[in-house]
Amino acid sequence: MSAHRVQPGSSGANAVPTFDETHWQALLAFIDAVIPSVVEGKDGTQSVLQNHLTVPLTELQRLYSKALCGSSDSFSFDEFRHYMASRPSDDPQLITTVKRAVERFPPSAKHQLRFILNLMLTHLGSIISTGYWTPLDQQPLSVRVSILHSWQRSWFPLWPALARIFITISKTCWSQTNQLYLQLNNYQAYDVKTITPGPSVDFKFVQFPESIETSVVETDVVIVGSGCGGAVCAKVLAEAGLCVVVVDRGYYFPPKELPMALDRVDNLFQGGGMVTADGSTLITAGQCWGGGGTVNWSASLQTPDYVRDEWARDGLTFFKGEAFQNSLNRVCDAMGVSDANIQTNQGNQVLLEGSRKLGWRAKVCPQNSRGKPHFCGSSCGLGCRTGIKQSPASLWLPSAARAGATFIEGLDISRVLFYGSSTSRAVGVSGQWTSRDNDGVANSSKHKVQQMIEIHAKTVILAGGALNTPLLMKRSGLEVFSSSNFVLCHADATLEPQHRQEPLYAPCGEHCRNMGSRSEALGRSVPCLHHLNIKS
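Criteria and cut-off values
Residues numbered from 1 in each chain as written. Predicted model: local features only at pLDDT ≥ 70, side-chain atom pairs only at ≥ 80, totals over all residues. Heavy atoms only, no water. Helix = DSSP H or I, 4+ residues; strand = E, 2+ residues; numbered from the N terminus. Buried < 20%, exposed > 50% of the residue type's maximum accessible area, 1.4 Å probe, protein only. Areas by Shrake-Rupley, 256 points an atom, 1.4 Å probe, with all protein chains shown as cover. Phe/Tyr/Trp six-rings, centres within 6.5 Å; stacked < 30°, edge-to-face > 60°. Lys NZ or Arg CZ within 6 Å of the ring centre and 35° of its normal. Expected span 1.5 Å × (residues − 1). Salt bridge = Lys/Arg side-chain N within 4 Å of Asp/Glu carboxyl O. Patch = residues over 30% accessible without salt bridge, like charges linked within 9 Å, V, L, I, M, F, W, Y side chains within 5 Å. Contact = heavy atoms within 4.5 Å. Polar contact = N/O pair within 3.5 Å; in protein donor to acceptor, adjacent residues only side chain to side chain. pLDDT = per-residue confidence, 0-100. Pairing = 2+ DSSP bridges. Core = buried A, V, L, I, M, F, W, Y, C linked by side-chain atoms within 4.5 Å.

Enquirer: Sorry, what's going on with the overall build of the chain here?
Expert: Helix and strand counts for the chain come out as 19 helices and 15 strands. Burial status across the chain gives 45% buried among its 536 residues. Accessible surface, the chain as shown: approximately 27,200 Å² in total, 55% of it carbon and sulfur.

This is the structure in structure tokens:
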């Protein structure tokens, strides 16, 4: 592999809109409407009405009883009342998380958000967007709540879409940061001090100086994506003697930094978690070194026959053959996939025992843990601290490194390069690289080097996942199938029953939380305490 300078190119840095204090105040005013503060009282001073909704004591008691769901020993009425009175805009941690979430928006989304906030801060724009002459941030809370509801019911598609965006930002940041919410849900933060972290890997990531010229890298094979597909390819090809470069827009987080705190999940998941246009489904796609393999659970299931049959019917007959099955077996053998020594938590034990009593077939899923006990305390969904889970970053990519592969983190590939005017022969990729800051921190607000990179290669492998690879192909001028018709997601539903016993340890999942009997009362569709059909 070699690196050199070529003709000056674009710096790739788009003009990113800035948000001043008035913009943040307007956004927080809307977040306060999404998660309104509710206090006791029939009437109130102007200050109270500006920032709170007031309800009679009897209504607050009714909400408390509904939240308890019949269990009387989880939290007191005073704790509940304190939670209901809390305001998002008073929480410094939430404000920091909101600002970081907005910072991660693409430039176009930032421009749109800034435009909407500017609109609502003017009298004319306020009339257009809310129907009131008074700007949104100066309205009492009850009016802001009614504006939000009117947006949700509007026939004009812009306003329901904006309402969903504000609601998603609000609920996501609130559920990650509000300590009262987590406390009433009986959430217990993962105690990293009790677990010895697994070994870190020095991937010797390539660094680039900032320049107006495009940096160029030459190699045999470039692999876009460091997840399960790209990592396996990197190991196999590097061990075959080829010069391999693996790139990913995400960054490496060693086991000692895992599991990731809830308010930092945007380091692991694309966009911190994305929501479908209709607001019905949360999409969690890995965006870190190791891709989805870093944040997926350790359950390892081979491709089902019905899926392979479907692929074969579409002309991909290789996936029905013995060669593909042998490939699956080799991958499973390398990761030590087995159902031996699996320590099931209490929740899974209840499911297994209940299925046995009902006569249902149920079994433990095999895990990629080399037969070692891998209890959910390692919090796979936010990154495995022990390193027992044989993820791309702990198995496949280190093996590729030992075979001579080269790695670049923080490189967002924007297009595939082709030979000549035809798209029949790929010869590389290009994109913008963003360094860590001077303290070695990824995705911070501090100064970072940004540099345009071209990688010239004899072979290009796109392994950016089902969401990103089709988009990269489309941006590169390649004809792809419509993603709306052919992209399938693995649906993951959560069942959280109430048990009259000690809190259950949740399976390794989205938060890997220690959820008590409050889970279904306070809800994971956050924050349901503020959506209990309040009667004023």
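Continuing now.
Enquirer: Can you help me understand unusual backbone geometry in this one?
Expert: In this structure, Pro259 follows Leu258 across a cis peptide bond, with omega equal to -5 degrees. By the secondary structure assignment, Pro259 is in the loop between strand S5 (244-248) and strand S6 (274-275). In the Ramachandran plot, Lys204 falls in the positive-phi region, its phi being about 50 degrees despite a non-glycine side chain. Mapped onto the secondary structure, Lys204 falls in the loop between helix H10 (179-184) and strand S4 (213-224). Of note, the phi angle at Asn341 is positive, near 60 degrees, even though the residue is not glycine. By the secondary structure assignment, Asn341 is in the loop between strand S8 (337-338) and helix H15 (346-358). By relative accessible area, which is 53% here, Asn341 ends up exposed.

Enquirer: Can you help me understand the packing of aromatic side chains in this one?
Expert: Each aromatic ring pair is characterised by the separation of its centres together with the angle its planes make. Following the criterion strictly, the structure yields 24 aromatic pairs and no others. Plain terms: the ring middles of Phe75 and Phe80 are 6.4 Å apart, the flat faces sit at 15 degrees to each other, and that makes the pair stacked. Judged by its relative accessible area of 0%, Phe80 falls in the buried class. A ring pair is formed by Tyr83 and Trp174, whose centres lie 6.1 Å apart and whose planes are at 55 degrees; its orientation type is tilted. Residue Tyr83 is found in helix H4 (residues 77-85), and its partner Trp174 is found in helix H9 (residues 158-177); the two are separated by 91 residues along the sequence. Relative accessible area serves as the criterion here: at 0%, Tyr83 is assigned to the buried category. A cation sits over an aromatic face here: Arg425 above Tyr419, 4.7 Å from the ring centre.

Enquirer: What exactly am I supposed to notice about helix H8 (residues 141-153) here?
Expert: Along an α-helix, a turn takes 3.6 residues, which lines up residues three or four apart on a common side. With 13 residues, H8 should reach 18 Å at 1.5 Å per residue; the first-to-last C-alpha distance of 19 Å fits that figure. All of the buried residues in H8 are Leu141, Val143, Arg144, Val145, Ile147, Leu148 and Trp151.

Enquirer: Explain the pattern of salt bridges to me, please; I cannot follow it from the model alone.
Expert: Pairing between side chains of opposite charge can happen when their charged atoms approach one another. By the definition in use, this model includes 14 salt bridges. In this structure, the salt-bridge partner of Asp412 is Arg249, at a minimum N-O distance of 3.8 Å. Residue Asp412 is found in strand S11 (residues 411-418), and its partner Arg249 is found in the loop between S5 and S6; the two are separated by 163 residues along the sequence. Note that Glu409 and Arg436 form a salt bridge whose closest N and O atoms lie 2.8 Å from each other. Note that Glu409 is positioned in strand S10 (residues 406-409) and Arg436 in the loop between strand S12 (426-434) and strand S13 (450-462), a separation of 27 residues in sequence. The buried category is assigned to Glu409, whose relative accessible area is 5%. Among the charged side chains, a salt-bridge network with shared partners connects Asp32, Arg87 and Asp90.

Enquirer: Is there a simple way to think about a nonpolar patch on the surface in this case?
Expert: Taken together, the side chains of Trp155, Phe156 and Leu158 make up a nonpolar region of the molecular surface, amounting to roughly 380 Å² of accessible area. Topologically, Leu158 is positioned in helix H9. Assessed through its relative accessible area of 35%, Leu158 is described here as partly exposed.

Enquirer: Can you help me understand the environment of Asp437 in this one?
Expert: Inspection of the secondary structure puts Asp437 in the loop between S12 and S13. Taking the relative accessible area as the measure of exposure, Asp437 reaches 7% and is therefore buried. Counting along the chain gives 10 residues from Asp437 to His447, while the straight-line C-alpha distance between them is 5.9 Å. In contact with Asp437, not counting residues within four places along its chain, are Ser444, Lys446, His447 and Lys448. At 2.8 Å, the side chain of Asp437 forms a polar contact with the backbone nitrogen of Asp439.

Enquirer: Even after reading the chapter, I still don't get the confidence of the model for the chain, so can you show me in this structure?
Expert: Interpreting fine coordinate detail is not advised for predicted regions of low pLDDT. Overall, the prediction assigns the chain a mean pLDDT of 83, with 82% of residues at 70 or greater. The low-confidence segment residues 1-14, where pLDDT is below 50, has 36 contacts with residues more than four positions distant or belonging to other chains. In the model, residues 502-536 has pLDDT below 50 throughout and makes 129 contacts with residues more than four positions away in sequence or in other chains.

Enquirer: Looking at this structure, how should I read the pairing of S12?
Expert: Looking down a regular strand, the side chains alternate between one sheet face and the other. Across the 9 residues of S12, 7 count as buried, placing the element largely inside the fold. Sheet topology places S11 next to S12; 7 bridges connect them, and they run antiparallel. Within S12, the position partnered with Leu411 by the bridge is Trp433. Relative to S13, S12 is paired through 7 bridges, and the arrangement is antiparallel. Pairing of Thr434 across the sheet is with Gln450, part of S13.

Enquirer: I keep staring at the nonpolar core and nothing clicks. Help me out?
Expert: In summary, soluble globular proteins display a tendency toward joint burial of nonpolar side chains. Within the largest apolar cluster, 61 residues are counted, with the highest numbers of intra-cluster contacts made by Phe80, Trp151 and Phe166. Aside from chain neighbours lying at most four places away, what touches Trp151 is Phe30, Met120, Ser129, Trp159, Pro160, Leu162, Ala163 and Phe166. Membership of the second largest hydrophobic core comes to 20 residues, among which are Phe205, Ile223, Ala234 and Ala405.

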